[in-house]
Amino acid sequence: MSKMEDRLDSLVERYNEINELMMSSSVVSDRKQMAKLGREQNELTPIVETYAEYKQAKEEFEEAKTLQKEDDKELRELANAEIERLEPAIKEYLDRLELLLVPKDPNDSHNAFMEIRGAAGGDEANIFAGDLFRMYAKYAESKGWKVEVTDSEDSEAGGFSLITFKVTGQNAYGTLKFESGSHRVQRVPKTESQGRIQTSTATVLCYPELDEEDFDIDMNDLEIETMRASGAGGQHVNKTDSAVRIVHKPTGIVVKCQDGRSQHENRATALATIAARVKEEHQRELDEKAGAERRTKIGTGDRAEKIRTYNYPQNRVTDHRIGYSVNQLDRIIDGRLEDLMNALQLADQQAKLAGEQL
């Protein structure tokens, strides 16, 4: 236990150091440095707070053990009751600290880019893609996060054949990264007159926004073109070449941004997006060559991997990776994802912990 406490003490020391740094004038005037320290502070806060509670409980436990030796019967009974209360509490704190100390993905604290595509099922798949976008947008709103659509291709029947957007907020990527994969819906489509249940799919891809200093993409590998924005978007649509399309020639990855207010804004967003996508693709290739499971044991993050089923007739959502099933589809599709996200993060932590103990 002393080894664990030594590590916790060093993290508390770092936390206090960050607090002092964030009050210094040189850091306050440096927006990037403040943001970087702020993310580190947010990561350390639950560890520091839980460790403080653990130390307080341990101190009270030692005091109660001392009281057990008193001659006064009432004091001994009081001490026994305290020990009975504190023993499981201390164990719970230790379990929580063990999970909190599991190494984290350094990108967890970053903002997230998300891309949703209608896949198998034609119009119904595109309608479902729209449902998923609204689900994530409502969840983001409940967390106080900001959602910015960067590109969308509307479907005539409703929904989107493609929609890409950025989610800005504390730990956005760390929360949403497990959403990558194939989402399956089972329901009677709006386009189906016979009332038969149809299975359709939409794919989700989530990847982290990079820090500006991590933009190591070779500009010579990019083909950048401007065009007129299409679809709903205000007075500038079809009047100015405000939309920006970038192709990364070595990988064939294409990014288009048209929802910004200017070509300059769309270009900046497109460059940030393509850099993040190329890095994501590079990491996927490295993991494949190493024969390693991508990110965690929860899943590979591959679009083809079926991760979740939304069964409307039974009002049920099932996450196939962790065996999570709940008859609350109406709540989940309305953006109330907190319990599901917590279950995924806990499973991820436990999988990492089990891997470390092998």
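Note: the structure precedes this text.
These figures come from a predicted structure and were not determined experimentally.

Parameters and conventions
Residues numbered from 1 in each chain as written. Predicted model: local features only at pLDDT ≥ 70, side-chain atom pairs only at ≥ 80, totals over all residues. Heavy atoms only, no water. Pairing = 2+ DSSP bridges. Helix = DSSP H or I, 4+ residues; strand = E, 2+ residues; numbered from the N terminus. Axes fitted to C-alpha atoms, helices over the stretch in contact; angles between N-to-C directions. Expected span 1.5 Å × (residues − 1). Buried < 20%, exposed > 50% of the residue type's maximum accessible area, 1.4 Å probe, protein only. Patch = residues over 30% accessible without salt bridge, like charges linked within 9 Å, V, L, I, M, F, W, Y side chains within 5 Å. Areas by Shrake-Rupley, 256 points an atom, 1.4 Å probe, with all protein chains shown as cover. Salt bridge = Lys/Arg side-chain N within 4 Å of Asp/Glu carboxyl O. Lys, Arg positive; Asp, Glu negative; His and termini not counted. Charge placed at Lys NZ, Arg CZ, Asp CG, Glu CD.

Draft legend 1. Main features of the sheet that holds strand S1 (residues 112-118). Pairing is mixed in the open sheet, where eight strands are placed in the order S2-S3-S1-S5-S4-S9-S10-S11. On the outer flanks of this sheet lie strand S2 (146-154) and strand S11 (324-326), each paired with one strand and no other. Across this sheet, the average inter-strand angle for adjacent strands is 15 degrees, counted without regard to direction. Two elements, strand S4 (residues 181-187) and strand S9 (residues 306-311), share five bridges in a ladder whose sense is parallel.

Draft legend 2. Broad picture of helix H5 (residues 123-142). Taking 1.5 Å per residue as the helical rise, H5 with its 20 residues ought to reach 28 Å, and the 29 Å between its terminal C-alpha atoms agrees with that figure. The element H5 is extensively covered by neighbouring structure, given that 14 of its 20 residues are classed as buried. Among the residues trailing H5, Gly-144 stands out with phi positive, at a value near 80 degrees.

Draft legend 3. Here's a closer look at a negative patch on the surface. Side chains of Glu-70, Asp-71, Asp-72, Glu-74 and Glu-77 sit close together on the surface and give a patch of like negative charge. By the element assignment, Glu-77 lies in helix H4 (residues 73-100). For Glu-77, a relative accessible area of 45% corresponds to the partly exposed category.

Draft legend 4. A look at the pairing of strand S10 (residues 316-319). Bridge count between S9 and S10: four bridges; the pairing is antiparallel. Its bridge partner lying in S10, Asn-311 is registered against Arg-316. Looking at chain direction, S10 and S11 are connected through three bridges and run antiparallel. Across the sheet, Asp-319 pairs through a bridge with Tyr-324, a residue of S11. Hairpin remark: S10 followed by S11, antiparallel, with four residues in the connecting loop; positive phi at Gly-323, about 70 degrees.

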